[in-house]
Amino acid sequence: MSTPRVAAIHDLSGFGRCSLTIVIPTLSAMGVQCCPLPTAYLSTHTGGFTGNTFLDLTGQIAPTAAHWRDCGVAFDAVYTGFMGSREQMSLTADFIESFRPCLAVTDPVMGDHGRTYRTYTPPMCRAMVRLAEQADVITPNRTEAAILLGEDYEALRLDTEADCRRWAEALSLEGRRSVVLTGAAPGQRDRAGAVCFDRTSGRTDFVSAPLAPGQFHGTGDLFASVLTGALVRGYALAEAAQLAADFTSLCALRTEGLPVREGLDFEPLLWRLGQAAEGHSPQRRYNQAEQHQRHQYADNDAGNQLH
Ligand code: PXL
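Notes on the structure in this doc start here. (Residues numbered from 1 in each chain as written. Predicted model: local features only at pLDDT ≥ 70, side-chain atom pairs only at ≥ 80, totals over all residues. Heavy atoms only, no water.)

What about the sheet that holds strand β5 (residues 54–56)?
So, point 1. Strands sit in the order β2-β4-β5 across an open sheet of 3 strands; the sheet is mixed. If you trace the sheet from one side to the other, it starts and ends with β2 (12–15) and β5, each paired once. Across this sheet, the average inter-strand angle for adjacent strands is 10°, counted without regard to direction. (Pairing = 2+ DSSP bridges. Helix = DSSP H or I, 4+ residues; strand = E, 2+ residues; numbered from the N terminus. Axes fitted to C-alpha atoms, helices over the stretch in contact; angles between N-to-C directions.)

Quick word on the packing of helix α5 (residues 142–149) against helix α6 (residues 161–171)
So, point 1. Axis separation between α5 and α6 bottoms out at 10 Å; the angle between their running directions is 50°. The angle between α5 and α6 falls in the class oblique. Crossing of α5 against α6: the hand is left-handed. In this structure, α5 contributes A145, L148 and L149 to the contact, and α6 contributes W167, A170 and L171.
So, point 2. When grouped by side-chain class, the residues that make up the contact of α5 with α6 number 6 nonpolar, no polar and no charged. (Parallel < 35°, antiparallel > 145°, perpendicular 65-115°, else oblique. Left-handed = near helix turned anticlockwise from the far one by under 90°. Contact = heavy atoms within 4.5 Å. Nonpolar A, V, L, I, M, F, W, Y, C, P; charged D, E, K, R; others polar.)

Observations regarding unusual backbone geometry
So, point 1. P101 follows R100 through a cis peptide bond whose omega is 0°.
So, point 2. Here P101 is to be found in the loop between α3 (86–98) and β7 (103–106).
So, point 3. We note that H113 has phi near 50°; this positive angle belongs to a residue other than glycine.
So, point 4. Along the chain, the position of H113 falls in the loop between β8 (111–112) and β9 (115–116).
So, point 5. The phi torsion at L173 lies on the positive side, around 55°, for a residue other than glycine.
So, point 6. Its place among the elements puts L173 in the loop between α6 and β11 (178–182).
So, point 7. According to the relative accessible area criterion, L173 is partly exposed, its value standing at 23%. (Buried < 20%, exposed > 50% of the residue type's maximum accessible area, 1.4 Å probe, protein only.)

What about the environment of L250?
So, point 1. Along the polypeptide, L250 turns up in helix α8 (residues 237–255).
So, point 2. As for L250 and A170, which are separated by 80 residues in sequence, their C-alpha atoms are 30 Å apart.
So, point 3. With residues up to four places along the chain from it excluded, the contact list for L250 reads L269, R272 and L306.

As structure tokens, this is what we get:
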């Protein structure tokens, strides 16, 4: 079976572990080929550091897409994350459409804990809402979910299973896209979790893993990267989200006590992720119709697959 291939459109931040410095090693460890298309180069990420450099790479998106198409490259998935400008979002949307049928996974990176990231302006957030409308799978946190839905952050509560189901279903745009809404572990104080709405079945499932103390940078990037890798390796949505929750939790637990802005200390654990993913044979996903038929639902209690 050939190696699944993912185009990853995210920023490249040299120090601080986020975006491509997480996406590339994670997908590689899972036996997935990652083709990065950096949206910008920054010396560090923008959370916890000031004075970072910022080299905008918007001009690279269309020519890279054209060159890859000329080379006959096809992708199982296009996975998008942090964007550097409003223009990048429409270019990224064009990129996705020109590589259909591929799975489009959009992590609508805009903010956390009720606040947008420093570089995100309201027009950029509106452009992200439009980009996410084209996605097959979105992975918002609570802050991003509120922006996507035009809701007040305080109103978007994830305290009960019913709340979580309601918001996940609202985010699905009447079942057109699948949703993995993170930060949702209703009634479980000591667990971190997500609620998953799968458009192929209309099912809503909950996944969770032990909660580590502290809020580390890049946690969302790691979660979405594992999820994407698992999806192109043939995991069903809830099963992919469970693996992502397990691995992110394991990494967060070992990072405890290290500087928050340096992100999750995930590299020493990548071999475990590789081992877990090995149990699944990769499936080519160029044809989305086929892919939808293949989706089968794992029991919610799939259990921790990382040993
Ligand atoms: O982890 C999200 C992220 C990605 N990329 C950059 C960021 C952030 C969050 O602050 O600054 C550059």
